[in-house]
Amino acid sequence: MKLEKLTDDICIYPFEPDRDRPTLSLIRGFHRCLAVDAGHSREHVGEFYHDLKESGLPLPDITVLTHWHWDHSFALHAISGVSVAERRTRRKLREAMEDAEFIPRLLSTDEYVAREYENRKITISLPDIVFDESLDIDLGGLHAHCFHVPSSHTNDCTCILIPERGVLYLGDCISGAYPDWIIDPLPFEKLIETLEMIDFTVAVGSHWPPFSQEELLAYLRSNL
Ligand SMILES: [Zn+2]
């Protein structure tokens, strides 16, 4: 059992560095449940769902993508419920789908994807629902405020704030660009300004342990 409780109604399935699997999460409202990110593969999301069932928790009704990258989106075809993403995320996934060389190139250059999939087939799917810039979802007692943020990681980064619990999901927005992780100062500074204006107590990034707001801002300023 890997599932960890963040609050009474939010749990996280922590990141796994060996296969570069990102943190997945479930936010449980009175009326519906929302997952953050689909995961790297059918196996990845299947293990998350197994832990949810073992804990007596429901599977998600809605899954929101933080950005298009494979480790966050390639399990879209295997999720429970509907998927939601910002329009730029859908566009990037469509471009990847239509590029016959994309998957062979990724498998030959990214050891983590090769390790996740071994010889299994990769399936790219598109999100069911698309929004522009921001979207608010009422879960019943809890809300998910999904919004685009500037980032030097990709130009399609979405953060998700659960204001009632002070929890902010970052995805990979605090990283530099794949594959060299080089930070572009302009979007990075804009991101820091954006995060400084948000009221949160815990920030959950996809490949890091949770940060407090102070820890997160100190970490980001040290990277400038
Ligand atoms: Zn990423």
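For clarity, every value in this text was computed on a predicted model and none was experimentally measured.

## A few points about the overall build of the protein chain
(1) Moving on: If you tally the helices and strands in the protein chain, you get seven helices and 13 strands.
(2) Moving on: Taken over C-alpha atoms, the radius of gyration comes to 16 Å for the protein chain, in line with the 17 Å a tight globule of 224 residues would show.
(3) Moving on: Overall, the protein chain is about 45 × 45 × 30 Å in size when its C-alpha atoms are taken along their principal axes.
(4) Moving on: The buried share among the 224 residues of the protein chain stands at 53%.

## Points about the sheet that holds strand β13 (residues 211-212)
(1) Moving on: Spatial strand order, β8-β9-β10-β11-β12-β13: six strands in an open sheet with mixed pairing. With one partner strand each, in any of the chains shown, β8 (134-138) and β13 form the two edges of the open sheet.
(2) Moving on: Strand direction decides the pairing type here: strand β12 (residues 202-205) and β13, joined by two bridges, are antiparallel. Bridged to valine 202 within β13 is serine 212.

## Topic: helix α7 (residues 213-222)
(1) Moving on: All of the buried residues in α7 are Gln213, Leu216, Leu217 and Leu220. Projected down its long axis, α7 carries its buried residues within an arc of 95°, all on one side. Exposed residues on α7 whose side chains face more than 90 degrees from its buried face are Glu214 and Ser222.
(2) Moving on: Packing partners of the buried residues in α7 comprise β11 (167-171), α6 (185-196), β12 and β13.

## Quick word on the coordination of the zinc ion
(1) Moving on: Around the zinc ion, the protein contributes the donor atoms His67 (NE2), His69 (ND1), His153 (NE2) and Asp172 (OD), at 2.1 to 2.3 Å from the metal centre.
(2) Moving on: Around the zinc ion sit four donor atoms, and with donor-metal-donor angles ranging over 91 to 169° the site reads as irregular.
(3) Moving on: Of note, the donors binding the zinc ion are all from one chain and are spaced H-x1-H-x83-H-x18-D. With histidine 69 in the loop between β5 (62-64) and α2 (70-73) and histidine 153 in the loop between β9 (143-148) and β10 (158-162), this residue pair connects regions lying 84 residues apart in the sequence. One exposure class covers both histidine 69 and histidine 153, and it is buried.

## Here we look at the pairing of β11
Side-chain direction in a regular strand flips from residue to residue, so the side chains alternate between the two faces of the sheet.
(1) Moving on: Burial analysis of β11 places five of its five residues in the buried class, the great majority of the element.
(2) Moving on: The two faces of β11 match: Val167, Tyr169 and Gly171 on one face and Leu168 and Leu170 on the other face are all buried.
(3) Moving on: Relative to β11, β10 runs antiparallel, the two sharing three bridges. Across the sheet, residue isoleucine 160 finds its bridge partner in β11, namely tyrosine 169.
(4) Moving on: In the sheet, β11 pairs with β12 via four bridges, with the strands oriented parallel. Residue pairing across strands places leucine 168 opposite alanine 203, the latter belonging to β12.
(5) Moving on: After leaving β11, the chain enters α6 and then returns to the sheet as β12, a path that is right-handed.

## A look at the sheet that holds strand β4 (residues 33-36)
(1) Moving on: Ordered by their spatial adjacency, seven strands build an open sheet running β1-β2-β3-β4-β5-β6-β7, and the pairing between neighbours is mixed. Strands with a single pairing partner mark the edges of an open sheet, and in this sheet they are β1 (4-7) and β7 (129-131). The average undirected angle you get between the axes of adjacent strands in this sheet is 25°.
(2) Moving on: Bridge analysis of strand β2 (residues 10-13) against strand β3 (residues 24-28) gives four bridges, and the strand direction is antiparallel. Bridge assignment links tyrosine 13 to a residue of β3, and that residue is leucine 24.
(3) Moving on: The strands that helix α3 (residues 87-98) touches are β6 (82-86) and β7; relative to β6, the one it contacts most, it runs at about 100°.

## Description of the packing of aromatic side chains
(1) Moving on: Enumeration over the complete set of coordinates arrives at eight aromatic pairs.
(2) Moving on: Judged by centre distance (5.6 Å) and plane angle (85°), the ring pair of tryptophan 68 and tryptophan 70 falls under edge-to-face.
(3) Moving on: Among the aromatic residues, ring-to-ring pairing joins Trp68, Trp70, Phe102, Tyr178 and Trp181 into one connected group.

Cut-offs and rules
- Residues numbered from 1 in each chain as written.
- Predicted model: local features only at pLDDT ≥ 70, side-chain atom pairs only at ≥ 80, totals over all residues.
- Heavy atoms only, no water.
- Helix = DSSP H or I, 4+ residues; strand = E, 2+ residues; numbered from the N terminus.
- Rg over C-alpha atoms; globule rule 2.2 N^0.38 Å.
- Buried < 20%, exposed > 50% of the residue type's maximum accessible area, 1.4 Å probe, protein only.
- Pairing = 2+ DSSP bridges.
- Arc of directions from axis to C-beta.
- Contact = heavy atoms within 4.5 Å.
- Donors = N, O, S within 2.8 Å, 3.2 Å for Na, K, Ca; no water.
- Tetrahedral: all angles 85-135°; square planar, octahedral: opposite > 155°, others 65-115°.
- Right-handed = clockwise from strand over helix to strand, strands pointing away.
- Axes fitted to C-alpha atoms, helices over the stretch in contact; angles between N-to-C directions.
- Phe/Tyr/Trp six-rings, centres within 6.5 Å; stacked < 30°, edge-to-face > 60°.

Nothing here speaks to function; it is geometry throughout.
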